[in-house]
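A closer look at the structure
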Amino acid sequence: MSTSTQIPPTAPALAGGPVTNPSLVQISSPVEDAIRQRIVEERARLEREAGLTHRELHHFHKPIERPFTKDQRYRTTLLFGGLTWKHEKLVHGGLEGLGYKCEVVPVADVKAFQLGKEYGNNGQCNPTYFTVGNLVQYLQKLEESGIRKEDLIGNYIFLTAGACGPCRFGMYEAEYRLALRNAGFDGFRVMLFQQSGGLNQADAEAGLEMNLDFFLNLLNGLNMGDIINEVGYQVRPFEANAGETDAVLDEVIDYMHEVLRKKSPWSVEEKLGAIADKIPMKGTVEYLGKFLNQLYSDDYMIGLAHVRERYNNIKVDRFRVKPIVKITGEFWAQTTEGDGNFNMFQFLEKEGAQVVVEPIGTWIMYMIHQVVQKIRDTKGLEEGAVMPPSWRLDKQAKIEWKYRNKLMKLKAAEVIFSREYHRIIDALGGTAHRLVDQYELQRIGHPYYNSRAGGGEGHLEVAKNIYYSNRELCHMVLSLKPFGCMPSTQSDGAQSAVVSHYKDMIFLPVETSGEGEINAHSRVQMALGEAKAKAKLEFKDVLSKLGKTVDELKAVADQHPEMSTGLYHVPKYKGVIGTAANFAIHVAEKMGASVPYHQDAH
Ligand code: SF4
């Protein structure tokens, strides 16, 4: 039996207004309606029984943020944080130099972690709790200091990195918003600079212009932060006067903050004055001028020369035998210097270790490298796109050209970033580690962890463990892995295979969390005991091969005061890891002794 009557599409509907384009229309009547209602109910019953109940879907939509416009800039404060205080202060200088008001959210502590748990979602990774809670805590402190909540919501913005990927980093933005709302700061603005957004995300009327000047100042601040920080970790364990390195570090970071703050961005107007508007392709000239100024000007080099001198004036004793501990792990856990990683660097130094921290520069190079790999794998085609048939030479040529063009830009980015990074290393005396080649890391890490698997540090955790151990750059690798981190958990599985293949390696993964500091420290102490023994044995072995005593070598070093300066360059010898052991060989060479060691090319 038919329950509906077909009528021509041009006829008006008998109920519900005019018909525009239906091919079939149902006549409405009480009987027809009752039948339809029964059918709907029966279908619902059957679906319920079969477990096919339809639920209404509510997809997540990014909330539309109140805009931050140029006219708000004078009264709006940008907040940011999540790195070390050194990186943050330098980035602060760079942003102030561009005319922004900004404040750094201090390093996260356990209280921040607890607030993150209280106001955020359950089941997040440890860095999410710490960083999200830290922002809430900072705003609460500002409120306690007398700033009204409406003013905080209206005149403050949190600036953070954004990403799209398989780990929870992609959800940070949403987590910030949720926790802020739960903590009573609904409407507080969170702004992202997307990692994949390229160098020019500027909008002329935007309050925050993410243009070339912005990214150059950001990268300069981060790179200087990396290298000044690393040199501090190299010098501090050997300082003759306790506390001197920290005092110098405070001073030079303040000094470079001012250098960055006072440097005005290069502009055509400033160089050419009134005639700037008359030159053709002014935008391109401006862009190129900024790049060339970054590459060839000495604007920062003079300031860095001062930092170098201050570090170099620190008197050191390199005969102290210390195990070198390389830090790896998840990006945030291996970078932060606070409760987020159990204050691990301070603890290691107190226990007699020399710490090799992980620079942010490696991560930036990794991000570029991953994009290069993806473009190579997909020929630069969007997801779902297919190559045109072979006889469409025109389309094939267009795709090839676009692919090569993208690749060329990324390769140029790799070269330029690395050049700029190494320029700062050289300006600071050349003692900091150079950036590790990403292709080398991929080569050694890929057999254990697929280098195309994104999220977190990807294959880097495994690769760095092999690289630093195999190249005799550390006695022990300590991997700091946040509780609840998916990529780090995967790495842990792969590290078992790595450790079984490289028997001599001392590798310790430590899970970081908001609690359990004593347990973590005690595990580190145990592994460090092994690393200390390794370092002592190595030093003893070197002395016996040299046929010298420490006192004999010290007497020679005392005759060369430059050898006791903070930035004196000690060569690295093949098969020798520790600073004291390498220094002993170098001093013996200075004495004119023939030494059974060769300098390492790295
Ligand atoms: S890498 Fe791990 S800890 Fe870091 S954001 Fe992703 S899931 Fe969280």
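Just above, that's the structure.
Residues numbered from 1 in each chain as written. Predicted model: local features only at pLDDT ≥ 70, side-chain atom pairs only at ≥ 80, totals over all residues. Heavy atoms only, no water.

**Describing the overall build of the protein chain**
A count of helical and extended segments in the protein chain gives 21 helices and eight strands. Residues counted as buried form 49% of the 602 residues belonging to the protein chain. Counting contacts in the protein chain only where the partners sit at least 6 residues apart, residues at least 24 apart contribute 75% of the total. On the protein chain, roughly 29,900 Å² of surface is accessible, and the fraction owed to carbon and sulfur atoms is 55%. (Helix = DSSP H or I, 4+ residues; strand = E, 2+ residues; numbered from the N terminus. Buried < 20%, exposed > 50% of the residue type's maximum accessible area, 1.4 Å probe, protein only. Contact = heavy atoms within 4.5 Å. Areas by Shrake-Rupley, 256 points an atom, 1.4 Å probe, with all protein chains shown as cover.)

**Observations concerning the sheet that holds strand β6 (residues 354-356)**
The four strands lie next to each other as β6-β5-β7-β8, forming an open sheet whose pairing is parallel. In the strand order of this sheet, the two ends are held by β6 and β8 (507-512), each with one partner. When the angles between neighbouring strand axes are averaged without regard to direction, this sheet yields 30°. The pairing of strand β7 (residues 476-482) with β8 spans six bridges and is parallel. Of the residues in β8, the one forming a bridge with proline 482 is threonine 512. (Pairing = 2+ DSSP bridges. Axes fitted to C-alpha atoms, helices over the stretch in contact; angles between N-to-C directions.)

**Brief notes about the site of the ligand**
Every residue near the ligand is listed here: Cys125, Pro127, Cys167, Arg168, Phe169, Tyr172, Glu330, Gly456, Pro482, Cys485 and Pro487. A per-class count over the shell around the ligand returns eight nonpolar, one polar and two charged. (Near = heavy atom within 4 Å. Nonpolar A, V, L, I, M, F, W, Y, C, P; charged D, E, K, R; others polar.)

**A word on the packing of helix α7 (residues 212-235) against helix α10 (residues 282-296)**
Relative orientation of the contacting elements α7 and α10 amounts to 15°, with a least axis distance of 11 Å. When the axis of α7 is compared with that of α10, the two are roughly parallel. In the packing of α7 onto α10, the handedness of the crossing is right-handed. For the pair α7 and α10, contact is made by Leu212, Asp213, Leu216 and Asn220 and by Tyr287, Lys290, Phe291 and Gln294, respectively. (Parallel < 35°, antiparallel > 145°, perpendicular 65-115°, else oblique. Left-handed = near helix turned anticlockwise from the far one by under 90°.)

**Structural notes on helix α17 (residues 460-470)**
Counted residue by residue, α17 has 10 buried out of 11 residues, so it is predominantly covered. Listed as buried for α17 are Leu460, Glu461, Val462, Ala463, Lys464, Asn465, Ile466, Tyr467, Tyr468 and Ser469.

**Details of the nonpolar core**
In this structure, Leu208, Phe214, Met224, Ile228 and Tyr311 are the most contacted members of the largest nonpolar core, which totals 81 residues. For this core, the leading source of residues is α7, giving nine residues. When near neighbours in sequence (up to four residues on either side) are disregarded, tyrosine 311 contacts Ile228, Val231, Gly232, Thr245, Val248, Leu249, Gly566 and Leu567. Membership of the second largest hydrophobic core comes to 23 residues, among which are Met344, Met476, Leu480 and Leu508. (Core = buried A, V, L, I, M, F, W, Y, C linked by side-chain atoms within 4.5 Å.)

**Considering the pattern of salt bridges**
For the coordinates displayed, the defined rule picks out 39 salt bridges. Between glutamate 358 and lysine 326 there is a salt bridge, with the nearest N and O atoms lying 2.5 Å from each other. Residue glutamate 358 is located in the loop between β6 and α14 (360-378), and its partner lysine 326 is located in strand β5 (residues 324-329); the two are separated by 32 residues in the primary sequence. In this structure, glutamate 358 and lysine 326 share a single accessibility class: buried. Residues joined by salt bridges that share partners form a network here, namely Lys326, Glu358, Glu457 and Lys464. (Salt bridge = Lys/Arg side-chain N within 4 Å of Asp/Glu carboxyl O.)

**Considering the side chain of arginine 318**
Residue placement: arginine 318 occurs in the loop between α11 (301-312) and β5. The buried charged residue arginine 318 lacks any salt bridge, with aspartate 317 as its nearest oppositely charged partner at 8.5 Å. Separated by 3.0 Å, the side chain of arginine 318 and the backbone oxygen of methionine 563 make a polar contact. At a separation of 2.9 Å, a polar atom in the side chain of arginine 318 contacts the main-chain carbonyl oxygen of threonine 565. Among residues more than four places away in sequence, those in contact with arginine 318 are Phe238, Met563, Thr565, Gly566, Leu567, Tyr568, Val570, Thr579, Ala580 and Phe583. (Lys, Arg positive; Asp, Glu negative; His and termini not counted. Polar contact = N/O pair within 3.5 Å; in protein donor to acceptor, adjacent residues only side chain to side chain.)

**Examining a positive patch on the surface**
Taken together, Lys395, Lys398, Lys402 and Lys406 make up a surface patch of like positive charges. Turning to its location among the elements, lysine 402 is positioned in helix α15 (residues 393-427). (Patch = residues over 30% accessible without salt bridge, like charges linked within 9 Å, V, L, I, M, F, W, Y side chains within 5 Å. Charge placed at Lys NZ, Arg CZ, Asp CG, Glu CD.)

**Looking at the packing of α14 against helix α16 (residues 438-445)**
How two helices sit against one another is set out by the angle between their axes and by the gap between those axes. Two elements in contact, α14 and α16, have axes whose closest approach is 10 Å; the angle formed by their N-to-C orientations is 70°. Here α14 lies roughly perpendicular to α16, going by the angle between them. Residues Thr362, Met365, Tyr366, His369, Val372, Gln373 and Arg376 of α14 pack against Gln438, Tyr439 and Gln442 of α16. In terms of residue class, the contact of α14 with α16 is built from four nonpolar, five polar and one charged.

**A closer look at the packing of aromatic side chains**
This structure, assessed with the given rule, holds 14 aromatic pairs. When the ring of phenylalanine 113 is compared with that of phenylalanine 130, the centres are 5.0 Å apart and the planes differ by 40°; the resulting orientation is tilted. On the criterion of sequence distance, the pair formed by phenylalanine 113 in helix α3 (residues 110-119) and phenylalanine 130 in helix α4 (residues 126-144) is long-range, its members being 17 residues apart. By relative accessible area, phenylalanine 113 is classed as buried at 5%. You can call phenylalanine 130 buried: its relative accessible area is 0%. Here phenylalanine 158 and tyrosine 176 contribute two aromatic rings whose centre-to-centre distance is 4.9 Å and whose plane-to-plane angle is 55°, an arrangement assigned as tilted. Of this pair, phenylalanine 158 sits in strand β3 (residues 156-162) while tyrosine 176 sits in helix α6 (residues 172-182); the two residues are 18 residues apart in sequence, bridging distant segments of the chain. Accessibility assignment for this pair places phenylalanine 158 and tyrosine 176 in one class, buried. The rings of Phe113, Tyr129, Phe130 and Trp332 are connected pair by pair, giving a single aromatic cluster. (Phe/Tyr/Trp six-rings, centres within 6.5 Å; stacked < 30°, edge-to-face > 60°.)

**Some points on the environment of tyrosine 176**
For tyrosine 176, a relative accessible area of 3% gives the class buried. With 392 residues separating them in the primary sequence, tyrosine 176 and tyrosine 568 have C-alpha atoms 45 Å apart. In this structure tyrosine 176 touches Thr131, Val132, Leu135, Phe158, Thr160 and Val190, once residues within four positions along its chain are discounted.

**Section: the side chain of glutamate 440**
In this fold, glutamate 440 is placed in helix α16. A relative accessible area of 16% means that glutamate 440 is categorised as buried. If sequence neighbours within four positions are ignored, glutamate 440 has contacts with Tyr467 and Arg471.

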